[in-house]
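Here are the chains, one letter per residue:
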Amino acid sequence: MTGEDTEQVVLHARDVHFDWASLPMHWIPGEPQATHTINVLHLALPEGERWFVEVFKQAVPLIRDERLKEDVLGFIGQEAVHAEAHDGAAAHLEAAGVRVRPYIAQMEWLFRKLLGDRDLTGRAAEEWLVERLGIIAAIEHYTAFLGQWVLDAPLAEAGADPVMLDLLRWHGAEEVEHRSVAYDLFTHLDGRYTRRVRSMAAVTPVLAWVFARGTRFLMRNDPTRPGRASLRGYRRAAKKGLLPTGRELLREIRPYFRKSYHPTETGNTEQAVAYLASSPAARAADAPR
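These figures come from a predicted structure and were not determined experimentally. (Residues numbered from 1 in each chain as written. Predicted model: local features only at pLDDT ≥ 70, side-chain atom pairs only at ≥ 80, totals over all residues. Heavy atoms only, no water.)

A. Seen up close, the overall build of the protein. The secondary structure content of the protein amounts to eleven helices and zero strands. Seen in sequence order, the protein has helices and strands lined up from the N terminus as α-α-α-α-α-α-α-α-α-α-α. Its C-alpha atoms give the protein a radius of gyration of 18 Å, near enough to 19 Å, the size a compact globule of 289 residues would have. If you line up the protein on its principal axes, its C-alpha atoms span 50 × 40 × 35 Å. When the 289 residues of the protein are sorted by exposure, 52% land in the buried category. Excluding contacts between residues fewer than 6 apart, the proportion of contacts in the protein whose partners are at least 24 apart in sequence is 83%. The protein carries 36 positive and 39 negative side-chain charges, and their two centres are separated by 9 Å. (Helix = DSSP H or I, 4+ residues; strand = E, 2+ residues; numbered from the N terminus. Rg over C-alpha atoms; globule rule 2.2 N^0.38 Å. Buried < 20%, exposed > 50% of the residue type's maximum accessible area, 1.4 Å probe, protein only. Contact = heavy atoms within 4.5 Å. Lys, Arg positive; Asp, Glu negative; His and termini not counted. Charge placed at Lys NZ, Arg CZ, Asp CG, Glu CD.)

B. How the structure looks around the pattern of salt bridges. A complete count under the given rule lists 21 salt bridges for this structure. Here E47 makes a salt bridge to R112, at a shortest N to O gap of 2.9 Å. Here R112 lies in helix 3 (residues 101-114) and E47 lies in helix 1 (residues 32-59), a separation of 65 residues in the sequence. For E47, a relative accessible area of 5% translates into the label buried. A salt bridge links D190 to R192; its shortest N-O distance comes to 2.7 Å. (Salt bridge = Lys/Arg side-chain N within 4 Å of Asp/Glu carboxyl O.)

C. Region of the structure containing the side chain of D166. When you line up the elements, D166 lands in helix 5 (residues 162-177). Of the buried charged residues, D166 lacks a salt bridge, with R169 as the closest side chain of opposite charge at 8.2 Å. One polar contact links D166 to S279, side chain to side chain, over a distance of 2.7 Å. Setting aside residues up to four positions removed in sequence, D166 forms contacts with F18, Y275, S279, P280 and A281. (Polar contact = N/O pair within 3.5 Å; in protein donor to acceptor, adjacent residues only side chain to side chain.)

D. Inspection of the confidence of the model for the protein at higher detail. For the protein, mean pLDDT is 95; residues scoring 70 or higher make up 96% of the total. Contacts for the low-pLDDT stretch residues 1-6, under 50 throughout, to residues beyond four places or in other chains number ten contacts. (pLDDT = per-residue confidence, 0-100.)

E. Spotlight on a positive patch on the surface. A surface patch of positive charge is lined by R213, R216, R220 and R228. Within the fold, R220 resides in helix 7 (residues 193-221). Judged by relative accessible area, R220 falls into the exposed class, the value being 56%. (Patch = residues over 30% accessible without salt bridge, like charges linked within 9 Å, V, L, I, M, F, W, Y side chains within 5 Å. Areas by Shrake-Rupley, 256 points an atom, 1.4 Å probe, with all protein chains shown as cover.)

F. Focus on the packing of aromatic side chains. Under the criterion given, the structure shown has ten aromatic pairs. Measuring from ring centre to ring centre gives 5.5 Å for W51 and F111, while their planes differ by 45 degrees; the resulting arrangement is tilted. Of this pair, W51 sits in helix 1 while F111 sits in helix 3; the two residues are 60 residues apart in sequence, bridging distant segments of the chain. Given a relative accessible area of 10%, F111 falls into the buried group. Seen from their ring centres, Y103 and F217 are 5.7 Å apart, and the 35 degrees between their planes marks the pair as tilted. Of this pair, Y103 sits in helix 3 while F217 is found in helix 7, placing the two residues 114 residues apart along the sequence. Like F217, Y103 is buried. By the ring-pair criterion, three or more aromatic residues cluster together here, those being W51, F52, F56, F75 and F111. Sitting over the face of the ring of W128, R118 holds its NZ or CZ atom 3.7 Å from the ring centroid. (Phe/Tyr/Trp six-rings, centres within 6.5 Å; stacked < 30°, edge-to-face > 60°. Lys NZ or Arg CZ within 6 Å of the ring centre and 35° of its normal.)

Next up, the structure:
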């Protein structure tokens, strides 16, 4: 499957807002570790998504395909709103007594310093741009998987807070909706298989580190003192369907290394669009003013 076969969805940002006033500390009742593993998204994603936006803006002048350029601009708009929404959730955690700034500072260093712009010109600057696009394409492979996972996961049945669940499913649905854009942009400007493999090999352990470290950090700084994060706790929550299982994650990695792979193999666009049509926040954003 190629980019020409992708569903013809017009991507646009939705100006969503979420009210966190009634959000409990453990918004999955009785599941502090599962709650905080997912809460890592609020600390890590805003910096990452702002970085996506800046890198994509640099790539726009190089795009020779008008449909792809349209998709990239829609992706930029959606990612900018995602960052703002998760910033709001992080601010709520801070107000509730969780020290989030030290961890956010680490994410700032990762995306602004390690992966940020460098004093390069000419061919070297283009190579650094394409290298980062390969990294983003690999990350978006995981966000598409997580987007589909959260649409399917039994979080509502576990009593998850409806406002938080709407944020996660609205975001997840948009990740599924735009899952091909980063890959198609990378392929359009470079697409070397060796770079694709190298990017995924680098991204996978870093994302595992981000979530493991973030979970430990949030559990340690939770003012209710729920105890320490543990591998046993992760496995227990995953067995209940409250987190992705290790087997699901490993199964999702393999297709990316196949030369014929395309992101349309991951996720269900029809399901994502249906959720966006029913999401309280998305419906409010799309309603006539």
